[in-house]
Amino acid sequence: MNCFINKLKKALLLQVNFISSFYLWAVATLLCSAPMSSRPQYKFLKPGEASFSSDRSDADPTSCSSFIYNPNNKLPLDRQRQRLPIYAVKKHMLFLLERCQTLVIEGETGSGKSTQIPQYLLESGWCTEGMVGVTQPRRVACTSLASRVAEEQDCLLGTLVGYTIRFDDNTTPGQTKLKYMTEALLVREMMGDPLLRQYSVLMLDEVHERTLYTDILLGLLKKVLKRRKDLRVIICSATIDVHDMLHFFNFNKTADKSKDTAAVLSVTGRTFPVDVHYLQEACADYVKESARTVTAVHKTQPPGDVLVFLTGVEEVTQCVELIIQHLNTKNDNTGSMRGASVLPMHGSLSTSEQLRVFQSVGAGTRKIVVATNIAETSITIPGIVYVVDCGFMKLRVYSKSSASSNKEALTEGLSIVTTSKASATQRAGRAGRTRPGKVYRLYEESEYAALPDATPPEMLRTNLSPAVLNLLALGIDNMLRFEFPSPPPASHLKAALEELFAIGAITEGVALTQPLGQRMAEMPVPPQLAKMLLVSGEYGCREEIATVAAMLQVQSVLVTPHANAHNARKMHAKFQVEEGDLLTLLNVYVAWEREQRCKRWCGRHFVNHKSLNRASEIKSRILSLLDKWDVTNDQDIHQTTGGSSISSMRVRRCITAGLFCNAAYLHHSGQYRTVRSNTTLAIHPSSVLYTLQQPKWLVYNEVLHTNRAYMRDLTTIEEDWLTEIAPHFFQRRRVTDD
DNA sequence: GAGCACTGC
């Protein structure tokens, strides 16, 4: 502790009191540390005109998407089902499931596993005692798979076959036997039913994606399997990690194979061969090289649409412009020209702009889609024959801040890294869905061999406090003994435990506090925001905080179109207040409601209508939870205040109660430093405080690492509030050294 | 003094 204090420099500072969290630290350091994922470096060779090597046909377009190309869609449904590759192994699968608790199915796109396996289980009596639950990482997959299966079973969706995603439960209790759901939702269900008694079989689909919730579920199900010998678990994954999964779930530690509790079954897919082309010499600029390659494909290759993978919005925009230049003809605003239509595709586009890539561009015209990673798993564009893969992607990383600080701080950020072999294969597979295709990889063949096999699981790359809170609520109070499929580094767990302790979610003994911690776990928002919501009654600003929390859950409420940035900024200025971004967001929401949620008003003010509607849904869900727990505005506060400035202060004090760990002050050097670790951080240019007067003290909602470490979603606060609201965390001291 | 890939409760 003394040593820690000595490290701080000059002036009057607030300091973190780590005395109470020392125990947590001791617990956390006991946890075994996992090897950090190595981040491969991609080296560019000298610039120059590069050419592609000759055709090769060794592509293995393994991909597992919920959108399945169906070459038999003119046949009757039962004939279609029998033609799927999975049908050939149906009996073997059912036999293995009788014998083993866990079945790992290695299956490729178009094998029919996601739709057929649940029906085989239904038909062979696995649903008499309980349901078959199928998890998916994404919501659209749940809804589309459920409707397909309902159609094949000739039943109304929501009866025998149903789905459950957030805000949308389309099942009938007692009647629904096949239930598709998101992974996160099954984790929620386990809070009420830890042994999942209503399920006889659980099937986890797309496990190779290794989302945070996939890993949580894998660990939890392993525990449940030990307690419930009647339960069966089916793991569907791509080739890459089948043996890891088998090893993870096989409880047989003897050499006697007949005692194995897990088995593997392989199913071939139904995709077309994809020719792989590599550069013979590395390129200096993959954006320019992509545009050059697309142009060459358009001029020399037979008809067929093109999909380009780049890493970010800016690259996509630049590449679209370059391609249009290269194709060198007048283009109208639609991007159409001489037999080609060039379209961008990324998450920040509006729905209507995104829909354009699915629309037909007409016979004789080649569609060229330039996309981010959104096209790798989340969406499938039909008709793609050529893929151009730059070999890079943006990936969330969670690591020690490289910014100048005298104490380690873990922060989240995005980095551009090379893709993995699995990811390169997935991208290539996008070219072979309807007929044989070609992929152009903008790197050398030797570079491919150097790629990591798979992208590291999200569990190793993210802030763990939400996950740890979830596990605690599920009764996993000993992280030491929890079997993570990929154990996260001890430092990440330590940081999560410290944060949860600071906001009062857990005790020094790492137990969930009652009722605060328990309720925070049930809140569908990150722990710090949950804290803010649960104490909002005490500050008399329940409605306002519910709005702020909901607005922080949706992306891009304020839109700034490239072409109309000036006007957008002018309109956005109407909502801006010097108290910061969270109160600005509150203003936007209030204004939207005042205008009767008018869509045209949104357009005029460059506000995303879809996002606001979603925020409204989340807000209602939050408010109903607060009602359930009797979190209501304190009457005394309500009566004695009324003015808007006082109201703003109440809201900001309540925000401080949730985000006090993220406090920063304006150092005399003119830079902001965090109170917790004295890390230098800058105000992000998207913040309203970027142009307004810089406050002495503020709290931020998140840190974004790009070239520098930026704080986003800011709120101005008073220094005194910190010691007042979180006395356990802050101590006022005068530090005189240095 | 710039610029966030994608999910999910």
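As shown above, the structure is provided for reference.
Residues numbered from 1 in each chain as written. Chains lettered and ligands numbered in written order. Predicted model: local features only at pLDDT ≥ 70, side-chain atom pairs only at ≥ 80, totals over all residues. Heavy atoms only, no water.

## Topic: the overall build of chain A
How we decide: Strands are runs of DSSP state E lasting at least two residues, helices are runs of H or I lasting at least four, and both sets are numbered from the N terminus onward. For each residue, the accessible area found with a 1.4 Å probe, counting protein chains only, is set against the maximum for its type, and the residue is called buried under 20%, exposed over 50%, and partly exposed in between. Note on definitions: a residue-residue contact is assigned when non-hydrogen atoms from the two residues lie within 4.5 Å. Areas reported as accessible are Shrake-Rupley estimates using a 1.4 Å probe. Residue values count occlusion only from the protein chains shown.
Check the secondary structure of chain A and you find 26 helices and 24 strands. Across the 738 residues in chain A, those meeting the buried criterion constitute 56%. Excluding contacts between residues fewer than 6 apart, the proportion of contacts in chain A whose partners are at least 24 apart in sequence is 75%. For chain A, the accessible surface area stands at approximately 32200 Å², while carbon and sulfur atoms represent 51% of it.

## Some remarks on the environment of A505
One can find A505 in the loop between α16 (490-502) and α17 (516-522). Overall, the relative accessible area of 0% leaves A505 in the buried class. Along the chain, A505 and G517 lie twelve residues apart, while their C-alpha atoms are 3.9 Å from each other. What A505 contacts, discounting residues up to four positions off in sequence, is L469, L500, A511, L512, T513, G517 and M520.

## Considering a positive patch on the surface
Selection rule: Residues enter patches when their relative accessible area tops 30% and they take part in no salt bridge; the joining distance is 9 Å for like charges and 5 Å for the nonpolar side chains Val, Leu, Ile, Met, Phe, Trp and Tyr. In the sections that follow, a salt bridge refers to a side-chain nitrogen of Lys or Arg positioned within 4 Å of a carboxyl oxygen of Asp or Glu. His is not counted, nor are the chain ends; Lys and Arg add positive charge and Asp and Glu add negative charge. A single reference atom marks each charge: NZ on Lys, CZ on Arg, CG on Asp, CD on Glu.
Residues R197, K223, R227 and R481 make up a contiguous surface patch of positive charge. Secondary-structure assignment places R481 in the loop between α15 (465-473) and α16.

## Concerning the sheet that holds strand β22 (residues 697-705)
Note the cut-off: At least two DSSP bridges between two strands are required for those strands to pair. Inter-axis angles, ranging from 0 to 180 degrees, are taken between N-to-C directions of lines fitted to C-alpha atoms, where helices are fitted over the stretch in contact.
In spatial order, the strands read β19-β20-β21-β23-β22; together these five strands close into a barrel with mixed pairing. Shown here is a sheet whose adjacent strand axes are inclined to one another by a mean of 50 degrees, direction ignored. Pairing geometry for strand β19 (residues 663-666) and β22, over three bridges, is antiparallel. For Y665, the partnering residue across the bridge sits in β22 and is W697.

## Let's talk about the pattern of salt bridges
Should their charged atoms come close, side chains of opposite charge can pair. Going through the model one piece at a time under the given rule, you end up with 24 salt bridges. R81 is paired through a salt bridge with E152; the nearest N and O atoms lie 3.5 Å apart. With R81 in helix α3 (residues 77-83) and E152 in helix α6 (residues 139-152), this residue pair connects regions lying 71 residues apart in the sequence. Comparing R81 with E152 shows no difference in burial state: the two are buried. Its salt-bridge partner being D285, residue K288 comes within 4.0 Å of it at the nearest N-O pair. Judged by relative accessible area, D285 falls into the partly exposed class, the value being 29%. Through salt bridges that share partners, R81, K90, E123, R148 and E152 make up one connected network.

## Regarding the side chain of T547
Operational definition: Any pair of N or O atoms that falls within 3.5 Å is considered a polar contact. Within protein, one atom must be able to donate a hydrogen and the other to accept it, and sequence-neighbouring residues count only if both atoms are side-chain atoms.
For T547, the location among the structural elements is in helix α19 (residues 542-553). Using a relative accessible area of 3% as the deciding quantity, one classes T547 as buried. At 3.1 Å, the side chain of T547 forms a polar contact with the side chain of K619. Apart from residues lying up to four places away in sequence, T547 is in contact with L586, Y589 and K619.

## Digging into the sheet that holds strand β8 (residues 232-237)
Spatial ordering of the open sheet is given by β5-β4-β6-β3-β7-β8-β2-β9, a layout of eight strands whose pairing is mixed. With partners counted over all chains shown, the strands left at the sheet margins are β5 (168-170) and β9 (262-267), one partner each. Direction aside, neighbouring strands of the sheet carry axes that sit 20 degrees apart on average. In the sheet, strand β4 (residues 161-165) pairs with β5 via three bridges, with the strands oriented antiparallel. Bridged to Y163 within β5 is N170.

## With respect to the pairing of strand β21 (residues 680-683)
Where strand β20 (residues 672-674) lies against β21, two bridges are found, and the strand directions are antiparallel. The partner of R673 across the bridge, within β21, is T680. Between β20 and β21, which pair antiparallel one after the other, the connecting turn spans five residues, and N678 there sits at a positive phi close to 60 degrees. As defined by bridge partners, β21 adjoins strand β23 (residues 709-716) across two bridges and the pair is classed as parallel. Among the inter-strand pairings, A682 is bridged to a residue of β23, identified as Y710.

## Here's the deal with helix α20 (residues 565-572)
Selection rule: Note that the arc is computed from the directions linking the helix axis to the C-beta atoms.
Turning to α20, its buried residues are A565, A568, M571 and H572. The buried residues of α20 occupy one face: seen down the axis, they fall within an arc of 130 degrees. Facing away from the buried side of α20 by over 90 degrees, the exposed positions are H566 and K570. As for α20, its buried residues are in contact with α22 (599-604).

## Some words on the protein's contact with DNA strand B
Filter applied, for reference: Any residue with at least one heavy atom within 4 Å of a molecule or strand is counted as near it.
Close to DNA strand B lie 34 residues; R139, V313, G347, E702 and T706 are nearest. The sugar-phosphate backbone supplies 62% of the atoms of DNA strand B found within 4 Å of the protein. The backbone of V313 places a nitrogen or oxygen atom 3.2 Å from a phosphate oxygen of DNA strand B. In this structure, a base nitrogen belonging to DNA strand B sits 3.0 Å away from a main-chain N or O atom of P524.

## Description of the packing of helix α10 (residues 286-300) against helix α11 (residues 313-327)
Worth spelling out the cut-off: Here the angle decides the label: under 35 degrees means roughly parallel, over 145 means roughly antiparallel, 65 to 115 means roughly perpendicular, and every other value means oblique. Take the far helix as the reference: if the near one is turned anticlockwise from it by less than a right angle, the crossing is left-handed, and if turned clockwise, right-handed.
Contact geometry for α10 and α11: axes closest at 9 Å, N-to-C directions at 40 degrees. One finds that α10 runs oblique with respect to α11. Considering how the two elements wind past one another, α10 and α11 form a crossing that is right-handed. Contacts from Y286, V287, K288, S290, A291, R292, V294, T295, H298 and K299 of α10 reach α11 at E315, Q318, C319, L322, I323, H326 and L327.

## Description of helix α18 (residues 527-534)
Note: α-helices contain 3.6 residues per turn, so residues at a spacing of three or four share the same orientation. Among the eight residues of α18, eight are classified as buried, and the element is accordingly described as predominantly covered. Among the residues of α18, those classed as buried are P527, Q528, L529, A530, K531, M532, L533 and L534.

## Thoughts on unusual backbone geometry
Residues Q514 and P515 are joined by a peptide bond in cis, for which omega reads 0 degrees. Residue placement: P515 occurs in the loop between α16 and α17.

## Digging into the side chain of T164
On the secondary structure map, T164 appears in strand β4. Within polar-contact distance, the side chain of T164 engages the side chain of D169 at 3.1 Å. Here T164 is in contact with D169, T171, K179, Y180, M181, T182 and L185, once residues within four sequence places are set aside.

## Concerning the nonpolar core
Rules: What is meant by a nonpolar core is a set of buried Ala, Val, Leu, Ile, Met, Phe, Trp, Tyr and Cys residues, joined one to another through side-chain atoms within 4.5 Å. A domain assignment, automatic or from a database, supplies the domain bounds used here.
The biggest cluster of nonpolar side chains holds 114 residues, and the ones touching the most others in it are I235, V468, M523, L533, L612, I655 and F660. Formed jointly, this core draws a minimum of three residues from each of two domains, domain 1 (77-267) and domain 3 (523-733). If sequence neighbours within four positions are ignored, I655 has contacts with M532, I545, L582, L583, V699 and T715. Within the second largest apolar cluster, 35 residues are counted, among which are I117, L121, L122 and V134.

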